[in-house]
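Examination of the molecular architecture
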Amino acid sequence: MVKLVCSSCQQCYSENDPRWQCDCGGLLDVQFTPEFDADKMQHRPFTMWRYREAIPVLHDSNIVSFYEGFTPLIDIDMDGLTVKVKMDHLFPSGSFKDRGASVLISKVKELGVHHVVEDSSGNAGAAIAAYCARARIECDIYVSSFASPEKLRHIESMGARVHKVPGSREDAAEAAQASRTVYYASHAWNPYFLHGTKTLAYEMCEQLDWRAPDRLVVPVGNGTLLLGAFIGFTELLNAGIIDKMPKLIAVQTANCAPCAEAFRKGKDDISAIDSKPTLAEGIAVAQPVRGSQIISAVRNTDGDFLTVSENDIKEWLHHLYRRGYYIEPTSAVVFAALSRCGQKIAKNEVIVTVITGHGLKTQKYT
Ligand SMILES: Cc1ncc(COP(=O)(O)O)c(C=O)c1O
Ligand SMILES: [Zn+2]
């Protein structure tokens, strides 16, 4: 049975209840026991929906999909350190957010919702807009005024209405939440999104012959990739499919590092920080709503937070361009971070990271 459970007061809600927040204002999480049916899986196409029994959408007829997922896992050599990289910029809308959007918009369809609102730095908005277009669901996206123009054109071209909000990501979120009559399909708040991003963990373990990597290194803004991966690995561990939990390494930009700062101070919750503008627009999130969950996931896996400078981001972005990877600046942060901790990593460790977004949407940096 699938339930929505409040992370603050433990109040439970039915999966048929079209809500994104507890009455107490708390965050909701999806509670259910996934199943992994190896026989069925073997005969299915290589998409993220091959793990069908582990995804909390009731009826197949509600699945909204472009046959996305199972992105390549390739080796990249970084000065003697071999890193395995999931090519998640190859998703239909050009970022890993399609994982979350496919599951969330399938659930939205199942709930009979016809109009959604979302706020985003660009990629989540594009992913939600694409899946809404596929499902013929009306869509309004609120974006902060610094979002890349290519991302805004991308969202608009798919029929969603774009609302530019002056100020920060938090201002865009507030504006989206103000439209109370429309369902809030937020990647940050809505827990179904994380049951899409968790397929990153399933896929990489399957690509590693059902073994877990030693470390997973991901960029963190609202933490949807990191928290999804944590859920995915936990589920595989509980099902006895993998035998250890990878260390989760979260990378933030030094110009906006609320979780890294709290972690360094030994705190469980984030506090207000002074953030500065950054090239890594996808992780320019000063107040991630799931901040304490992010810190707890990293701590529970004996992981770490790393921060990178703007110069490092620029250097690694251009370094990756020259090696043939057309990625966006936010996706360069993991390589900048890895280049600094190479000495501390044993040669036989299996390290996985992710290219999270395509460079075609941030061409002004080339
Ligand atoms: C390209 C890219 N990478 C990473 C992230 C970070 O994802 P999250 O905010 O879920 O941590 C984003 C978020 O927008 C993004 O667009
Ligand atoms: Zn509550």
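What comes next is a walk through the structure. Keep in mind the model is a prediction, meaning the values are calculated, not measured. (Residues numbered from 1 in each chain as written. Chains lettered and ligands numbered in written order. Predicted model: local features only at pLDDT ≥ 70, side-chain atom pairs only at ≥ 80, totals over all residues. Heavy atoms only, no water.)

**Description of the sheet that holds strand β3 (residues 28-31)**
Strands sit in the order β2-β1-β3 across an open sheet of three strands; the sheet is antiparallel. One side of each edge strand has no neighbouring strand; the edge strands of this open sheet are β2 (12-14) and β3. Averaged over all adjacent pairs, the angle separating strand axes in this sheet is 35°, with direction ignored. Relative to β2, strand β1 (residues 3-6) runs antiparallel, the two sharing three bridges. (Pairing = 2+ DSSP bridges. Helix = DSSP H or I, 4+ residues; strand = E, 2+ residues; numbered from the N terminus. Axes fitted to C-alpha atoms, helices over the stretch in contact; angles between N-to-C directions.)

**A look at the pattern of salt bridges**
Counted according to the given criterion, the structure contains 26 salt bridges. One salt bridge in this structure joins K107 and E15, with 3.7 Å as the shortest N-O distance. Of this pair, K107 sits in helix α2 (residues 97-110) while E15 sits in the loop between β2 and β3, placing them 92 residues apart in sequence. Accessibility classification places K107 together with E15 in one group, the buried group. Two residues, E110 and K107, come together in a salt bridge whose shortest N-O distance is 2.9 Å. Taken together, the residues E110 and K107, both in helix α2 and three residues apart, mark about one turn of the helix. (Salt bridge = Lys/Arg side-chain N within 4 Å of Asp/Glu carboxyl O. Buried < 20%, exposed > 50% of the residue type's maximum accessible area, 1.4 Å probe, protein only.)

**Quick word on the site of ligand 1**
In the vicinity of ligand 1, 18 residues are found, and the nearest of them are N123, N222, G223, T224 and T356. Between ligand 1 and the protein, one listed contact pairs an oxygen atom with a backbone N or O atom of G221 at 2.8 Å. At 2.7 Å from an oxygen atom of ligand 1 is found a main-chain nitrogen or oxygen belonging to G223. In the complex, 99% of the free accessible area of ligand 1, which totals 380 Å², lies under the protein chains. (Near = heavy atom within 4 Å. Polar contact = N/O pair within 3.5 Å; in protein donor to acceptor, adjacent residues only side chain to side chain. Areas by Shrake-Rupley, 256 points an atom, 1.4 Å probe, with all protein chains shown as cover.)

**Brief notes about the sheet that holds strand β11 (residues 247-253)**
Taken together, the six strands give an open sheet; going across it, the order is β4-β5-β13-β10-β11-β12, and neighbouring strands pair in mixed fashion. Pairing within the sheet leaves two strands with one partner each, and these edge strands are β4 (73-78) and β12 (304-308). Looking at each pair of strands side by side, their axes are set apart by 30° on average, direction ignored. Judged from the three bridges that link them, strand β5 (residues 81-86) and strand β13 (residues 351-354) form a sheet pairing that is parallel. When the sheet's bridge partners are listed, K84 is paired in β13 with V352. Helix α7 (residues 199-207) contacts β4, β5, β10 (215-219) and β13 of the sheet and is inclined by roughly 125° relative to β5. Packing against the sheet, helix α10 (residues 291-300) makes contact with β11 and β12, and its axis sits at approximately 115° to β12. (Contact = heavy atoms within 4.5 Å.)

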